[in-house]
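The lines below spell out each chain.
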Number of protein chains: 2
Amino acid sequence: MARKPRRKLFPPAPPVLLAALYSSLILLGTALLMLPIGTTRPISIGDALFTATSAVTVTGLSVVDAGTDLTLFGQIVVLVLIQIGGVGLMTFAVLLLSTLGVRIGTPSRNVLREDLNQGTAHDLMGLAGSVLRISLVVEAAGLVVLATVFVPEMGVVRGLWYALFHTVSAFNNAGFGLRADSLAPWVANPVINIAVPALFMIGGLGFVVISELVEKRRWRTLSLHSKLMLLGSAFLTIGGMIAFAVLEWTNPATLGGLETTGAKVTASWFQSVTTRTAGFSTLDLAHIHDSTALVMISLMLVGGGSASTAGGIKVTTLMVALLATVAFFQRSAPNAFGRRIGQEQVLKVMALTTIAMLTMLSGLFFVSISHDGDFLDLAFEIASAFGTTGLSRGATGKLDDIGRTVVIFLMFMGRVGPLTFGYLLATRQPPRVKFPEGRVHLG
Amino acid sequence: MARKPRRKLFPPAPPVLLAALYSSLILLGTALLMLPIGTTRPISIGDALFTATSAVTVTGLSVVDAGTDLTLFGQIVVLVLIQIGGVGLMTFAVLLLSTLGVRIGTPSRNVLREDLNQGTAHDLMGLAGSVLRISLVVEAAGLVVLATVFVPEMGVVRGLWYALFHTVSAFNNAGFGLRADSLAPWVANPVINIAVPALFMIGGLGFVVISELVEKRRWRTLSLHSKLMLLGSAFLTIGGMIAFAVLEWTNPATLGGLETTGAKVTASWFQSVTTRTAGFSTLDLAHIHDSTALVMISLMLVGGGSASTAGGIKVTTLMVALLATVAFFQRSAPNAFGRRIGQEQVLKVMALTTIAMLTMLSGLFFVSISHDGDFLDLAFEIASAFGTTGLSRGATGKLDDIGRTVVIFLMFMGRVGPLTFGYLLATRQPPRVKFPEGRVHLG
Ligand SMILES: [K+]
Ligand SMILES: [K+]
């Protein structure tokens, strides 16, 4: 309410710029994938557009098989799109948040908010550098660790390429693999089950949290944002793991088919952490129970952290919604860890969840008009697109052109952000009068 | 935030009282329906409990056929349960809202808020009298109008009983009928298609709006609440009608089976207005398209008006959520018709929608564990129970005991109110310190 409305045509508002950059990147990727050297068989422009969008939005839903349909050149194109789409947005999101007036966590606050608002090129570069440095260090570590698994199995060249591809894909939460069955051959491999989740969990926490963890290390000194993010992530990961294990333990098509308890627990762990946004899978999701699918849809819609390589409405959005609910019944202001959560933040959560809900419902509506498949499979696919998760129960391949267009739109929307879209669509007018308060009966 | 926390054991808090009263009424109804004179065939205690809950919560989901399984005595029991459950809660809700500190609309404000807070028996009686007077007048008019259709068809005694039963059932948004196919034989009858919707729309607007309309009649003088309620209802009714007509026009199992354009439009109108909470149907809903079912699920979850005979999260809750979303992007305070909507109201919407969402998801989850039916049918049935709508695609009859228990719980929850439950569960502690504000990144 206290924010000052700004309206400039040049330079364009950050969300306009962001949407434009992403669209350009997607179109460039589409063109490159259409080149004869990009694919082992001719693919349609629709397939190329879908693949480029899926890569840039780090979703991972796929209508072509990256391992067999794409050449090495095609795979490199996808990997570059993922890297720019993932880390690029992470950088951009921090700038965007700051421009929108949202404060960045304490450690970076001086660099980010105060200075960025003055818009000096030097500080922008410093920030981008910081994001890129973190990405480089984490990805280098991932490459080395994954190479220890892939190189002995496939030889040096192929093994290193596998390691690089999966490292970049994991850190950026893209979920693209080089096999149709994702990581299923390594369902019980301990290194894969620790290193890959480590990569996508770090990527999914978001720049603010990572940099605070690197700088501070002690829980007490972390910002409210980081505490809520870490607490919420732990809760969702453990809850998801327990739910998946309990529901699928005896299902012969999933966990029931694994021989040892250790393998079952490992697979439950992997499925819980991958569902919120990474999109790798080590099990065949077409055969999970309906109840499991419902849990996974919920996790996909929540997603990861703000200003991260993850999608969804974000963990902190869920946390603030829950805190606001508790606060309402306690007749107090929403608060956590000795910090009050401002009214403007509650308003933002309201706006975000409302838009997310309307987008999901509209997407599901349009796809269900054009496609008569199993409704739950469609809902799963739509949630996967909007949460840029990329997990699939197989419906994506069966969609017609309308369905694919909806999925492409949802991936873009899920990544560039419901808020950004709203920002684009909204007219901003300073309220001329302060209205007297009116009351509405609710519930 | 400015509200003063109160905590008394005697008299019990209004929500405790409300939940206790409703539970008692349900148990009494169950006992009466178990009597041999209540039914034409012996029914299980589970069936009796389900029927009593469905009647008291004015839902209308059914595991017995009121027309053939119940004797006249059993039908009278159901009708009395509906009348007490519908109008009783309407009265109670006004008291509850007022006790919770929510102001009642301007015309009644002096009577309701100021005086009720002083708790004199005289004003309570005046309020209850006002609600009952409105109910009596509307139901008497409904009885006369419906009798003109049923008496010529069925004779005086049966026709009057049909007219009375459907009047009470319609005004209280109960959706119970005396035939398994609801009102299907009258799909194109103009009197039924105007009188029945008129009854349930008036009942579903809520006491505050009705009394304002009676007293003021002019749009300009209505309260913010009534304006939002009327505008939202009109929007949802027209939108629902258009959506239903467009999606089902050529479906041979629904609108396509009707011969004239007039009949199709009439049926679309009826289906749009009945879906939000009344629960009567003139078409077979098992054969609507998936996309239509999704639209109907959304309408059922929204429901009708606060302090009315309707269920759902309520039209005004949706309106405030949309206004808050628009306000966020305009960087202004949520407002409509020259009135600002307070932060506390936004917090309430947040709490209500969060609880509604979690309840719906949990209900769907538990039913999908215990039942392997079509997922969309289950979602439809769950939304119908939670929105106390009572429309069915046939899944309710097929549920096992766990599924039925979930549906009974959801009907109770949907009627007594998510907020009431939260109120029961919440611990209220006055915040000792005013915390400094913290920031969280969202979206
Ligand atoms: K992904
Ligand atoms: K009903």
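Residues numbered from 1 in each chain as written. Chains lettered and ligands numbered in written order. Predicted model: local features only at pLDDT ≥ 70, side-chain atom pairs only at ≥ 80, totals over all residues. Heavy atoms only, no water.

An unreviewed UniProt entry lists chain A under the name Trk system potassium uptake protein TrkH, with Tropicimonas isoalkanivorans given as the organism. Under the heading Subcellular location (unreviewed entry), UniProt records this for chain A: "Cell membrane". (UniProt positions renumbered as here; feature names shortened; annotations may be inferred.)

**Examining the overall build of chain A**
Scanning chain A for helices and strands turns up 16 helices and three strands. Residues classed as buried in chain A amount to 59% of the 443 residues present. For chain A, restricting intrachain contacts to residue pairs at least 6 apart in sequence, the fraction spanning at least 24 positions comes to 70%. Within the structure as shown, chain A displays about 17,100 Å² of accessible surface, and the carbon and sulfur contribution to it stands at 68%. (Helix = DSSP H or I, 4+ residues; strand = E, 2+ residues; numbered from the N terminus. Buried < 20%, exposed > 50% of the residue type's maximum accessible area, 1.4 Å probe, protein only. Contact = heavy atoms within 4.5 Å. Areas by Shrake-Rupley, 256 points an atom, 1.4 Å probe, with all protein chains shown as cover.)

**Structural notes on helix α11 (residues 290–302) of chain A**
Each full turn of the α-helix corresponds to 3.6 residues, which orients residues three or four apart in the same direction. Between its first and last C-alpha atoms α11 of chain A spans 19 Å; for 13 residues at 1.5 Å apiece the expected length is 18 Å, and the two agree. With respect to burial, α11 of chain A is a largely interior element, ten of its 13 residues being buried. For α11 of chain A, every residue scored as buried is listed here: Asp290, Ser291, Thr292, Ala293, Leu294, Met296, Ile297, Leu299, Met300 and Val302 of chain A. For α11 of chain A, the secondary structure elements touched by its buried residues are α9 (224–248), α10 (261–275), α12 (315–330) and α14 (375–386) of chain A together with α13 (343–370) and α14 (375–386) of chain B. Where α11 of chain A terminates, the next one or two residues include Gly303 of chain A, which has phi positive at roughly 75 degrees. (Expected span 1.5 Å × (residues − 1).)

**Focus on the coordination of the potassium ion (ligand 1)**
Residues and elements named next belong to chain A. In this structure, Val58 (O), Thr59 (O), Asn173 (O), Thr277 (O), Ala278 (O), Thr388 (O) and Thr389 (O) serve as the protein donors to the potassium ion (ligand 1), at separations of 2.5 to 2.9 Å. Counting along the primary sequence, the residues that act as donors to the potassium ion (ligand 1) give the motif V-T-x113-N-x103-T-A-x109-T-T. Highlighted residues: Thr59 in the loop between α2 (45–56) and α3 (72–99) and Asn173 in the loop between α6 (156–171) and α7 (190–205), separated in sequence by 114 residues. Side by side, Thr59 and Asn173 carry an identical accessibility label, which is buried. (Donors = N, O, S within 2.8 Å, 3.2 Å for Na, K, Ca; no water.)

**Topic: the coordination of the potassium ion (ligand 2)**
Residues and elements named next belong to chain B. Within the first shell, the potassium ion (ligand 2) binds the protein through Val58 (O), Thr59 (O), Asn173 (O), Thr277 (O), Ala278 (O), Thr388 (O) and Thr389 (O), at distances of 2.5 to 2.9 Å. One chain supplies every donor for the potassium ion (ligand 2), spaced along it as V-T-x113-N-x103-T-A-x109-T-T. Linking Thr59 in the loop between α2 (45–56) and α3 (72–99) with Ala278 in the loop between α10 (261–275) and α11 (290–302), this pair joins segments that are 219 residues apart in sequence. Given the relative accessible area of 0%, Thr59 is considered buried.

**Overview of the environment of Gly257 of chain B**
Residue and element names in this part refer to chain B. Relative to the helices and strands, Gly257 is located in the loop between α9 (224–248) and α10. By relative accessible area, Gly257 is classed as partly exposed at 49%. Expressed as a C-alpha distance, the spacing of Gly257 and Arg393, which sit 136 residues apart in the sequence, is 18 Å.

**A word on unusual backbone geometry**
All names here are of chain A. If you check the backbone angles, Asn173 has positive phi at about 55 degrees while not being a glycine. The phi torsion at Lys314 lies on the positive side, around 90 degrees, for a residue other than glycine. Mapped onto the secondary structure, Lys314 falls in the loop between α11 and α12.

**Some points on the pattern of salt bridges**
Per the stated rule, a full pass over the model turns up six salt bridges over all chains. Residue Arg404 of chain A pairs with Asp47 of chain A through a salt bridge whose shortest N-O separation is 2.4 Å. Taken together, the residues span a long stretch of sequence, with Arg404 of chain A in helix α15 (residues 401–416) and Asp47 of chain A in helix α2 at a distance of 357 residues. Each member of the pair, Arg404 of chain A together with Asp47 of chain A, is buried. Where Asp69 of chain B meets Arg41 of chain B, a salt bridge forms, and the shortest distance between an N and an O atom there is 3.0 Å. Note that Asp69 of chain B is positioned in the loop between α2 and α3 and Arg41 of chain B in the loop between α1 (14–34) and α2, a separation of 28 residues in sequence. (Salt bridge = Lys/Arg side-chain N within 4 Å of Asp/Glu carboxyl O.)

**A few points about the environment of Gly338 of chain B**
With respect to the helices and strands, Gly338 of chain B occurs in the loop between β1 (335–336) and β2 (339–341). With 295 residues separating them in the primary sequence, Gly338 of chain B and Ile43 of chain B have C-alpha atoms 56 Å apart.

**What to know about the nonpolar core**
Core analysis: the largest hydrophobic core is formed by 243 residues, its most contacted members being Val196 and Phe380 of chain A together with Val196 and Phe380 of chain B. The residues contacting Val196 of chain B, other than those within four sequence positions of it, are Leu146, Ala170, Leu183, Val191, Phe270 and Phe280 of chain B. (Core = buried A, V, L, I, M, F, W, Y, C linked by side-chain atoms within 4.5 Å.)

**As for the packing of α9 of chain B against α10 of chain B**
Pairs of packed helices are described in terms of their axes, by the angle between the two and the distance that separates them. Residues and elements named next belong to chain B. The interhelical angle for the contact between α9 and α10, taken along N-to-C directions, is 130 degrees, at an axis separation of 8 Å. For the element pair α9 / α10, the angle class is oblique. At the point where α9 passes α10, the crossing takes the right-handed sense. Listed contacts from α10 to Leu236, Thr237, Gly240, Met241, Phe244 and Ala245 of α9 are Val265, Ser268, Trp269, Gln271, Ser272 and Val273. (Axes fitted to C-alpha atoms, helices over the stretch in contact; angles between N-to-C directions. Parallel < 35°, antiparallel > 145°, perpendicular 65-115°, else oblique. Left-handed = near helix turned anticlockwise from the far one by under 90°.)

**Some points on the packing of α11 of chain B against α14 of chain B**
Residues and elements named next belong to chain B. The interhelical angle for the contact between α11 and α14, taken along N-to-C directions, is 20 degrees, at an axis separation of 9 Å. With respect to their mutual orientation, α11 and α14 come out roughly parallel. The handedness of the crossing between α11 and α14 comes out as left-handed. Here Asp290, Ala293, Met296, Ile297, Met300 and Leu301 of α11 lie close against α14, whose contacting residues are Leu376, Ala379, Phe380, Ala383, Ser384 and Phe386.

**Concerning the packing of aromatic side chains**
Residues and elements named next belong to chain B. Taken as a whole and judged by the stated rule, the model has twelve aromatic pairs over all chains. Each ring, one from Trp161 and one from Phe165, has its centre 5.9 Å from the other, and the planes form 65 degrees; the classification is edge-to-face. Of this pair, Trp161 and Phe165 both sit in helix α6 (residues 156–171), four residues apart, which is roughly one turn of that helix. The exposure class of Trp161 is buried, given its relative accessible area of 18%. What makes Phe165 buried here is its relative accessible area of 0%. (Phe/Tyr/Trp six-rings, centres within 6.5 Å; stacked < 30°, edge-to-face > 60°.)

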